[in-house]
Amino acid sequence: MDEGRRAARRQVLQVAAKLLEEGGSEAVSTRAVAAAAGITAPALYRMFDDKDGLLAELAAYGFEMYLAEKREALALTPDDPVADLYRGWDLHVDFGVQHPAFYMLMYGTVRPGRRPPAADEAHALLVRLLGRAADAGRLRVPVEQATRVILAATTGATLALIGEGPSERDLTASARLRDTVIASVTTDPPASPGSDLASRALALDAALETALTAGSPAADAGVPLRATETALLREWLQRLAG
């Protein structure tokens, strides 16, 4: 796609985003978007095929907005992986409350195997935060399990808040759930290096995961074990982690 077409497509998405924020997904009809963008309906169909294609692109646009806000805010926090988990939760909930129509489109219409790349990037950001916590010996469960728990809890809390009227909305419920969930997957800092066997086992397992999924053809170069040996080691580490 050349630069001109990309710019035109972006402009239409911005128009559709405004309609979505003002009137919800029902307001984003192909006719309304085409009229607001000053283009013909056939031109819109050439860009997005149909309304489902337009909504899918809008969901991706929403994830890009969410990621930009989250990266900027996390960059300002102290270098504490567990503090970042708390901050990341609040940022997630705040985005949903501030952009309910976008959030419903992003998380309320999920289908297996059909996530935009930006959604995968948002998921990977949470995995990286939890990986840092594991490296610091601050996780009590494997990264994959902690990711599922936190993602399910934050999404459920946000959808529940969106379903309440602004006058009824109680953000302290989200804060209490946040504290309970994050405390269930993290630990206090070890009293001294090496004093917490379970945390150190999880930290080593997280380091192995990072080495094996670095994306390089030689990603396993730093792990001088056969695949079966690595799998067995990780099984032992996860058993030690309890």
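Values in this document were obtained by computation on a predicted structure and should not be read as measured data. (Residues numbered from 1 in each chain as written. Predicted model: local features only at pLDDT ≥ 70, side-chain atom pairs only at ≥ 80, totals over all residues. Heavy atoms only, no water.)

**Q** Would you take a moment to explain the packing of aromatic side chains for this structure?
**A** The description of an aromatic ring pair rests on the distance of the ring centres and on the angle between the ring planes. Counting across every chain of the model gives four aromatic pairs. Aromatic pair Tyr66 and Phe95: ring centres 5.4 Å apart, planes at 65°, arrangement edge-to-face. Highlighted residues: Tyr66 in helix H4 (residues 51-74) and Phe95 in helix H5 (residues 81-98), separated in sequence by 29 residues. Note on Tyr66: relative accessible area 5%, which makes it buried. The exposure class of Phe95 is buried, given its relative accessible area of 2%. Chaining the aromatic ring pairs together yields one cluster made of Phe63, Tyr103 and Tyr107. (Phe/Tyr/Trp six-rings, centres within 6.5 Å; stacked < 30°, edge-to-face > 60°. Helix = DSSP H or I, 4+ residues; strand = E, 2+ residues; numbered from the N terminus. Buried < 20%, exposed > 50% of the residue type's maximum accessible area, 1.4 Å probe, protein only.)

**Q** Explain the pattern of salt bridges here, please?
**A** Oppositely charged side chains may form a pair once their charged atoms are brought near each other. Evaluation of the coordinates by the stated rule reveals 12 salt bridges. Its salt-bridge partner being Arg178, residue Asp179 comes within 2.9 Å of it at the nearest N-O pair. On the basis of relative accessibility, which here comes to 34%, the residue Asp179 falls in the partly exposed class. Accessibility expressed as a relative area gives 14% for Arg178, which makes it buried. (Salt bridge = Lys/Arg side-chain N within 4 Å of Asp/Glu carboxyl O.)

**Q** Could you clarify how one ought to interpret the packing of helix H1 (residues 3-23) against H4 in this entry?
**A** Relative orientation and spacing of two packed helices are given, respectively, by the angle between their axes and the distance between those axes. One way to put it is that H1 packs onto H4 with a least axis distance of 10 Å and a crossing angle of 85°. With respect to H4, the axis of H1 lies roughly perpendicular. Where H1 approaches H4, its residues Arg9, Arg10, Leu13, Gln14, Ala16, Ala17, Leu20 and Glu21 are matched on the opposing element by Leu54, Glu57, Leu58, Tyr61, Glu64 and Met65. In terms of residue class, the contact of H1 with H4 is made up of eight nonpolar, one polar and five charged. (Axes fitted to C-alpha atoms, helices over the stretch in contact; angles between N-to-C directions. Parallel < 35°, antiparallel > 145°, perpendicular 65-115°, else oblique. Contact = heavy atoms within 4.5 Å. Nonpolar A, V, L, I, M, F, W, Y, C, P; charged D, E, K, R; others polar.)

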